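Structure assessment
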Amino acid sequence: MKKLIAGNWKMNGSLAANAALLQGILPGVTAQACDVAVCVPAVYLAQGQALLADSPLALGAQDLSARESGAYTGEISAAMLRDFGVRYAIVGHSERRQYHGETDAVVAEKAQRALAAGITPIVCIGETLAEREAGSTEDVVKRQLAAVIHLNGHCISEIVVAYEPVWAIGTGKTATPEQAQAVHAVLRAQLQAASTQADRIRILYGGSMNATNAASLLAQADIDGGLIGGASLKAADFLSIIDAAS
Ligand code: PGA
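Residues numbered from 1 in each chain as written. Predicted model: local features only at pLDDT ≥ 70, side-chain atom pairs only at ≥ 80, totals over all residues. Heavy atoms only, no water.

Some remarks on the overall build of the protein
To keep things clear, this is the line we draw: Each helix is a run of H or I in the DSSP string that is no shorter than four residues. Each strand is a run of E no shorter than two, and both are numbered from the N terminus. As a reference, a globule follows 2.2 Å times the number of residues to the power 0.38, and the radius of gyration itself is taken over C-alpha atoms. Classification of residues uses two cut-offs on accessible area relative to the type maximum, computed with a 1.4 Å probe and protein chains only: under 20% is buried, over 50% is exposed, and between them is partly exposed. Should any heavy atoms of two residues lie within 4.5 Å, those residues are considered in contact. Using a 1.4 Å probe, the Shrake-Rupley method yields the accessible areas, and only the shown protein chains count as cover for residues. Charged residues are defined narrowly, with Lys and Arg counted positive, Asp and Glu counted negative, and His plus the chain ends left uncounted. By convention, the charge on Lys lies at NZ, on Arg at CZ, on Asp at CG and on Glu at CD.
Check the secondary structure of the protein and you find ten helices and eight strands. In terms of overall dimensions, the protein is globule-like: its C-alpha atoms have a radius of gyration of 17 Å, near the 18 Å expected for 246 residues. Over its C-alpha atoms, taken along the principal directions, the protein stretches across nearly 45 × 45 × 35 Å. By residue count, 52% of the 246 residues in the protein fall in the buried class. Residue pairs in contact within the protein that sit at least 24 positions apart in sequence constitute 73% of those at least 6 positions apart. Carbon together with sulfur atoms contributes 53% to the accessible area of the protein, which is approximately 10,700 Å² in total. Computing the positive centroid from 18 side-chain charges and the negative centroid from 23, the protein places the two 1 Å apart.

Encoded structure:
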């Protein structure tokens, strides 16, 4: 299956910095054999839409509202994202779960809103260090994914899953390819039990993926791409990861 490399810029950038970054990335992605997306801060979606028009680079958002429309001050709906040509939306990133109290149920609703608007949700799941050390990694990721499967039924074949061990995010500590593959295999089996189309669901790895470790992670049987934070802010590093996936 075609791999997906998605950059998660998080709360970084400016009009000038984004333009420079995309100018560095775009010439390198013309004939790539993998799908590529950048998930930009919401205020820069219009800029992203303009700069990525007619390019092979897809535009993504980092979050969306669990509500459809109405009196939800500060929220951004799936339909609004769609208006700006957004193709992917990260949902349930661990930073949203940790700092904004997002529960499994809210994450499942966000995935549903994205799907209803024709946006591919990149559903993030992953265990904390304490959970890994307690031996509950499998239980945690299966519970997180089960909530999304339960609410979305057969539409589950349209999602992307991102396994991001919380202890590996932004820490420079990457899961070994074997550690990541072990969890991905569990997730694949869970998806297979829920959908006959499970083999086309991409399961990304995220957490300190970089130009050096990308190839060995992406070589694993059930690692179908990457969700890249820090390394997606440097054009050369991001392009190396895209190369490793192509
Ligand atoms: P990182 O972030 O690559 O900087 O670890 C990944 C993510 O949080 O999506």
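Regarding the layout of surface pockets
Quick reminder of the rule: Whether a set of points on the 1 Å grid over the protein atoms alone is a cavity depends on a 1.4 Å probe fitting there but being unable to get out, while an open set qualifies as a pocket with protein on both sides within 12 Å along at least five of seven lines; lining residues are those with an atom within 4 Å of a point. Grid points are joined across faces, edges and corners, and a volume is the space filled by probe spheres set on the points. All amino acids are sorted into three groups, where Ala, Val, Leu, Ile, Met, Phe, Trp, Tyr, Cys and Pro are nonpolar, Asp, Glu, Lys and Arg are charged, and the leftover types, Gly among them, are polar.
Each pocket or cavity is described by its volume, and for the largest pocket that value is around 530 Å³. Lining the largest pocket are 22 residues, and of these P41, A42, Q62, D63 and R96 lie nearest its centre. In this structure, the second largest pocket occupies an estimated 230 Å³ of space. R97, G126, T128, Q144 and V166 are the residues nearest the centre of the second largest pocket, which is lined by 17 residues in total. Listing elements by their share of the lining of the second largest pocket, those giving two or more residues are α4 (94-99), β5 (120-125) and α7 (137-152). In terms of residue class, the lining of the second largest pocket is made up of four nonpolar, seven polar and six charged.

With respect to the environment of R96
Rule in force here: Residues adjacent in sequence count toward polar contacts only when both atoms are side-chain atoms; beyond that, a polar contact is any pair of N or O atoms within 3.5 Å, and within protein one must be able to donate a hydrogen and the other to accept it.
Here R96 is to be found in helix α4. Expressed as a C-alpha distance, the spacing of R96 and D63, which sit 33 residues apart in the sequence, is 8.5 Å. Setting aside residues no more than four positions away along its own chain, R96 makes contact with D63, G101 and E102. Within the local environment of R96, its side chain forms a polar contact with the side chain of D63, the two groups lying 3.4 Å apart.

Some points on the site of the ligand
The test is simple: Proximity criterion: a residue is near a molecule or strand once any of its heavy atoms comes within 4 Å of it.
In the vicinity of the ligand there are 13 residues, among which K10, H93, E164, G170 and S208 approach most closely. Here an oxygen atom of the ligand and a side-chain polar atom of H93 are 2.7 Å apart. One of the backbone N or O atoms of G229 is found 2.9 Å from an oxygen atom in the ligand. Against a free-state accessible area of 280 Å², the protein chains account for coverage of 95% of the ligand. Among the residues making up the shell around the ligand, the classes are represented as four nonpolar, seven polar and two charged.

Quick word on the nonpolar core
The nonpolar side chains of a soluble globular protein tend to be buried, and buried together. Stated precisely, the cut-off is as follows: Nonpolar core, defined: a set of buried Ala, Val, Leu, Ile, Met, Phe, Trp, Tyr and Cys residues in which side-chain atoms within 4.5 Å join the residues together.
I5, V161, L187, L191 and Y205 are the most contacted members of the largest nonpolar core, which totals 64 residues. Considering each element in turn, this core owes the most residues, six residues, to helix α10 (residues 235-245). Residues contacting I5, with those up to four places away along its chain left out, are C34, D35, V36, A37, L218, G225, G226, I228, F238, I241, I242 and A245. Judged by nonpolar contacts, the second largest core, of 13 residues, contains A37, I122, C124 and A162.

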